[in-house]
Amino acid sequence: MSKSTSVNPDLQREREKCTFNITELTNLLDGGPHMTEERKRRETMVLNEGIHIEEVPSEYLSHKEKYELAVKKACLMFKLIRRLQEEENAGMESFRAFLGGTLGSAILQDGSPLTLHYVMFIPTLMGQATVEQQAYWIGRAFNLNIIGTYAQTELGHGTFIRGLETTATYDAKTKEFVLHSPTLTAYKWWPGGLAHSANYCIVMAQLYTNGQCHGIHPFIVQLRDEETHMPLEGIKVGEIGAKLGMNGTNNGFLGFEHVRIPREHMLMKNSQVLEDGTYVKSPSSKLTYGTMMFVRVVIVKDMCNYIAKAVTIATRYSAVRRQSQPKPDEPEPQILDYLTQQHKLMVGIATAHAFQLSADWIWNMYNNVTAELDAGDLERLPELHALSCCLKAMTTAEAAECVERCRLACGGHGYMLASNLPHTYGLVTAACTYEGENTVLLLQTARYLVKTWQQAQGGNSLPPTVAYLSRVGAGRRVPPWDNSIEGIIHGFQLVAAGKIALCVANIEKRQKSGMSYEDAWNMTSVQLTQASEAHCRAFILSSYFEETERQVKGVSPQLREVLLQLVDLYVVYWALQRIGDLLRFTSISERDIEKLQHWYEELLTKLRPNAVGLVDAFDLRDEILHSALGAYDGRVYERLMEEALKSPLNAEPVNQSFHKYLKPFMQGKL
Ligand SMILES: Cc1cc2nc3c(=O)[nH]c(=O)nc-3n(C[C@H](O)[C@H](O)[C@H](O)COP(=O)(O)OP(=O)(O)OC[C@H]3O[C@@H](n4cnc5c(N)ncnc54)[C@H](O)[C@@H]3O)c2cc1C
């Protein structure tokens, strides 16, 4: 952590009154002291290169210049990864470590044009290419001799994959596929790095062989000449234009005019097309889920980093900022002393912890299920799929809310790009849409929950993450309310079960009244998304609670106390947020609610002295925070002015537009 000699005295006082050892918490969050050391080593290695330093802040560059700078930085980052691979034989994790949440967004604040190469291109090759295909492609991709992306979404269709229109028609005479975009809406639209960066691409297209359509399959397609980078014949490629955020990602469009590729360029680990055009179906359509789930799990982990970043900025700023004078004879208080401010910030800190533990949990589950898959066992795949869908949806939505709340908590200064909260919001809110639009994902989880509920009613045993549904199932008497953490978590399980039961009952009722299943589903879908959210909330609350209980066994009493306070705060916060649900599905009373409210206020007060210590423990270097409001030394006002002076408009006292427009206008001559 970069420590300036002159730290703002308020911030310094906050650090002095912290009750626990900050390094102990940092180590815990990293997964052990050796991991902290490893992370710091990586950060130093990257930041010492100076790639993050910008002569002119990139917000003042043109669209084209922003892209050119993003490519330069991304290449320098990839060069480092290549060096690490050569020196230390590092694997895929080196990509994640360098390009993921914290370091990645420190270097490329508005997204990287090469991210898709490691987020989607390589994982898809690993998951869907045959051993021979991997032998041919992975080495080149891994060494970054080629740059790839992943093109699925089209102008006309994103969510509905079966509706994609790009075709890949097999020509048995030449043993080639012919890729074609029959309509404007068939154009690929959105893939990161596609516009001007990647020279290869995995394209999802409708496979036709012997006159029959076999649905969507992956193909690897060369887009650009490896020497000149010119688009190959029949390839129509370009950029989709400026966006709310992520303007460094070079999202592109792509159309094909009868482009021929060899048969070997269909990724055939799962389904195959033989030389004569015979189609050999995949043993399970579910096998292709692997890459999607990997990416969703990575997204959950990234959300923790973005939340940690936003709350670090807003909490440090809240310690430095003084405003208003509630007591006439006393100085203005730090805004962190207002309970409403603590309410905005503390839950963010707790959320970062809760998501990190949920992410670790699902990461382990992902690895176990993948190992089972490799051994041909698909049993836990639907459970993992359902959990990864709702977790991705909930964590991205909540991260976006949390970053926005942090921005608002910083008042006007939070609106400045120099706070780095707007860019962070741009990155986080995009994740609500990509890799599965959030509502659609919640509905996918709901489909699994409805099915599971029906299984439970039939007396079948349920997989671990939904086992609670048979314990708290329909028809059971609602137990007395227990105003403890375990009691609230149990209450959330009752809410989830109650909502799922209602959805199932509503769908059945609507069907009985003559509606088709599809219409009954659609009419119930608002409730279905809420049931999914309730299920996911119950999962996050219980995994956060259980994992923390396990974790605190190995920490000092001082840290233990704070970690448990954070869990309590998170659980009670959500109970208060969802009072309506609890009143509806549990036996909670007005008196219990009042107690919860007091408990919550007490927790905020208890956590208040440790607020800065808690965010310091995220150990985000100034170069990573990239924020005038959040720097370690708290020199907020000085930094804001320093940043303002970097505006190109401040380079001259009078702008030429004065002479050209303002003056003639004021003099009535325009
Ligand atoms: C920043 C960014 C980066 C991206 N990167 C890539 C990339 O690299 N490669 C790639 O292939 N794609 C990429 N995408 C595309 C992304 O995957 C799609 O935007 C996403 O899947 C949603 O599809 P859509 O845009 O067609 O929205 P739509 O599916 O049209 O959704 C619009 C609305 O309709 C609703 N809706 C749709 N279907 C249903 C349903 N069945 N039930 C209820 N409601 C429904 C949705 O909830 C939403 O409110 C990216 C998108 C963004 C924003």
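- The protein chain is annotated in an unreviewed UniProt entry as Acyl-coenzyme A oxidase from Spodoptera litura.
- Under Subcellular location (unreviewed entry), UniProt gives the following word-for-word description of the protein chain: "Peroxisome".
- Within the UniProt record for the protein chain, the comment given under Sequence similarities (unreviewed entry) is "Belongs to the acyl-CoA oxidase family."

**What to know about the packing of aromatic side chains**
Okay, step 1: In the structure shown here, the tally under the stated rule is 12 aromatic pairs.
Okay, step 2: A ring pair is formed by Tyr517 and Trp521, whose centres lie 6.3 Å apart and whose planes are at 35°; its orientation type is tilted. Of the two residues, Tyr517 and Trp521 are both situated in helix α16 (residues 517-551); the distance of four residues between them amounts to about one turn of the helix.
Okay, step 3: For Tyr517, a relative accessible area of 31% gives the class partly exposed.
Okay, step 4: For Trp521, a relative accessible area of 8% gives the class buried.
Okay, step 5: Each residue in the set Tyr136, Trp137 and Tyr200 is aromatic and connected to the rest through ring pairs, giving one cluster.
Okay, step 6: One residue, Lys301, lies across the ring of Trp363, its end atom 5.2 Å from the ring centre.
Okay, step 7: Across the ring face of Trp574, the terminal group of Arg537 is positioned such that the distance to the ring centre comes to 3.4 Å.

**Some remarks on the site of the ligand**
Okay, step 1: Contacts to the ligand come from 21 residues, most closely from Gln152, Thr153, Gly158, Thr159 and Glu437.
Okay, step 2: Note that an oxygen atom of the ligand is positioned 3.0 Å from one of the backbone N or O atoms of Gly158.
Okay, step 3: If the ligand stood free it would expose 960 Å²; the protein chains cover 63% of that surface.
Okay, step 4: Of the residues forming the shell around the ligand, the biggest block, three residues, is contributed by helix α13 (residues 438-457).
Okay, step 5: Along the lines of polarity and charge, the residues of the shell around the ligand split into 10 nonpolar, nine polar and two charged.
Okay, step 6: Inspection of the shell around the ligand shows a minimum of three residues originating in each of domain 1 (1-48 + 291-643) and domain 2 (148-290).

Reading guide: rules and limits
- Residues numbered from 1 in each chain as written.
- Predicted model: local features only at pLDDT ≥ 70, side-chain atom pairs only at ≥ 80, totals over all residues.
- Heavy atoms only, no water.
- UniProt positions renumbered as here; feature names shortened; annotations may be inferred.
- Phe/Tyr/Trp six-rings, centres within 6.5 Å; stacked < 30°, edge-to-face > 60°.
- Helix = DSSP H or I, 4+ residues; strand = E, 2+ residues; numbered from the N terminus.
- Buried < 20%, exposed > 50% of the residue type's maximum accessible area, 1.4 Å probe, protein only.
- Lys NZ or Arg CZ within 6 Å of the ring centre and 35° of its normal.
- Near = heavy atom within 4 Å.
- Polar contact = N/O pair within 3.5 Å; in protein donor to acceptor, adjacent residues only side chain to side chain.
- Areas by Shrake-Rupley, 256 points an atom, 1.4 Å probe, with all protein chains shown as cover.
- Nonpolar A, V, L, I, M, F, W, Y, C, P; charged D, E, K, R; others polar.
- Domains from an automatic or database assignment.

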